[in-house]
Amino acid sequence: MSVVTWTIAPEPVNSPAAAALWRAYYTEVSDRWYLLHEGHRTDPAELEREIAARTGTELVPPAGQLLLARYDGSPAGTAGVRLLDAERAELTRVFLREETRGKGGAALLVAAAENAARALGARRMVLDTRSDLVEARALYARLGYTETTPHNNDPYAEHWFGKSLR
């Protein structure tokens, strides 16, 4: 019997694996919002514009990092970290492909992102999410994040979380 393992490592934001996971992530969260609020999936032209516009340059060292999770060697998910200031890093782009969810990867990915934030000098991690992303909110609460006051004015953010990295 073979053992399936997770590996998590830094990845260039423009690598083919990172680009494919960004497309999968953005498509899923955008479609979920449009289906909930407007009853249809994201307009394909809008989807392409938004994917192209959000290049991930904020996730490049020395002020950020993109992590790529592989499940049994295959690209399965991402998490991004970017410094907001000398004390705080923001967790973003946390995503696992649907077929790998429920296999322990999310907690490993967030822990790796927390370690990356510490390596960048952050003492606190913050993040935002939406109300309809109930799985994400449950994950963050389970991992010790608590709801806070807003740290940004993202029009889609409805919940803000924080956690000390000490």
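Below or above, wherever it landed, is the structure these notes cover. Here the residue numbers are simple positions, counted from 1 along each chain's written sequence. A pLDDT threshold of at least 70 governs which residues receive local features in this predicted model, and a stricter bar of 80 or more applies before side-chain atom pairs are shown or counted, although totals over entire chains, interfaces and linings include all residues. Excluded from the side-chain calculations are hydrogens and water; all other atoms, namely the structure's heavy atoms, are used.

Here we come to the overall build of the chain. Strands are runs of DSSP state E lasting at least two residues, helices are runs of H or I lasting at least four, and both sets are numbered from the N terminus onward. Regarding its fold elements, the chain presents 4 helices and 7 strands. Ordered by position from N to C terminus, the α and β elements of the chain give β-α-α-β-β-β-α-β-α-β-β. Computation of the radius of gyration draws on C-alpha atoms, with the globule rule given as 2.2 Å multiplied by the number of residues to the power 0.38. Computed over C-alpha atoms, the radius of gyration of the chain comes to 15 Å, within 12% of the 15 Å expected from 2.2 N^0.38 for 166 residues, which places it in the range of a compact globule. Relative accessibility thresholds used throughout: buried, under 20% of the residue-type maximum; exposed, over 50%; partly exposed, between the two (1.4 Å probe, protein chains only). The buried share of the chain, reckoned over its 166 residues, is 40%. By the convention used here, residues are in contact when the closest approach between their heavy atoms is within 4.5 Å. Long-range contacts, defined as pairs at least 24 residues apart, comprise 63% of the intrachain contacts of the chain with a sequence gap of at least 6. Note on areas: these come from Shrake-Rupley sampling with a 1.4 Å probe, and a residue is covered only by the protein chains present in the view. A total of about 8,900 Å² of accessible surface is found on the chain, and carbon and sulfur atoms cover 54% of it.

When a carboxyl oxygen of Asp or Glu is within 4 Å of a side-chain nitrogen of Lys or Arg, the pair counts as a salt bridge. Using the criterion set out here, one finds 12 salt bridges in the structure. Asp31 is paired through a salt bridge with Arg41; the nearest N and O atoms lie 3.3 Å apart. Residue Asp31 is found in helix H1 (residues 16-38), and its partner Arg41 is found in the loop between H1 and helix H2 (44-53); the two are separated by 10 residues along the sequence. Overall, Arg41 belongs to the exposed group, its relative accessible area being 53%. When the shortest N-O distance is used, the salt bridge between Arg123 and Glu87 registers 3.7 Å. Residue Arg123 is located in the loop between helix H3 (105-119) and strand S5 (124-129), and its partner Glu87 is located in the loop between strand S3 (74-83) and strand S4 (88-96); the two are separated by 36 residues in the primary sequence. The class for Arg123 is partly exposed, based on a relative accessible area of 38%. Overlapping salt bridges bring together Arg32, Arg130, Asp132 and Glu135 as one network.

Inspection of the secondary structure puts Pro44 in helix H2. Judged by its relative accessible area of 59%, Pro44 falls in the exposed class. Sequence separation between Pro44 and Thr27 is 17 residues; the distance between their C-alpha atoms is 9.5 Å.

Counting residues in each nonpolar core, the largest one holds 23 residues, and the members touching the most others are Leu91, Met125, Tyr140 and Tyr145. Of all the secondary-structure elements, those providing two or more residues to this core are strand S2 (64-71), S3, S4, H3, S5 and helix H4 (134-142). Considering every element that reaches this core, the biggest residue donor is H3, with 5 residues. Not counting residues within four places of it along the chain, the set of residues in contact with Met125 comprises Val81, Ala89, Glu90, Leu91, Ala113, Glu114, Ala117, Tyr145, Phe161, Gly162, Lys163 and Leu165. Here the nonpolar core consists of buried residues drawn from Ala, Val, Leu, Ile, Met, Phe, Trp, Tyr and Cys, with membership extended through side-chain atoms lying within 4.5 Å.

Next up on the list: the pairing of S2. Within a regular strand, side chains alternate between the sheet's two faces. Extensive coverage of S2 is indicated by the burial of 6 of its 8 residues. Two strands are counted as paired when DSSP detects at least two bridges linking them. As defined by bridge partners, strand S1 (residues 6-10) adjoins S2 across 5 bridges and the pair is classed as antiparallel. When the sheet's bridge partners are listed, Trp6 is paired in S2 with Tyr71. Alignment of S2 against S3, held across 8 bridges, turns out to be antiparallel.

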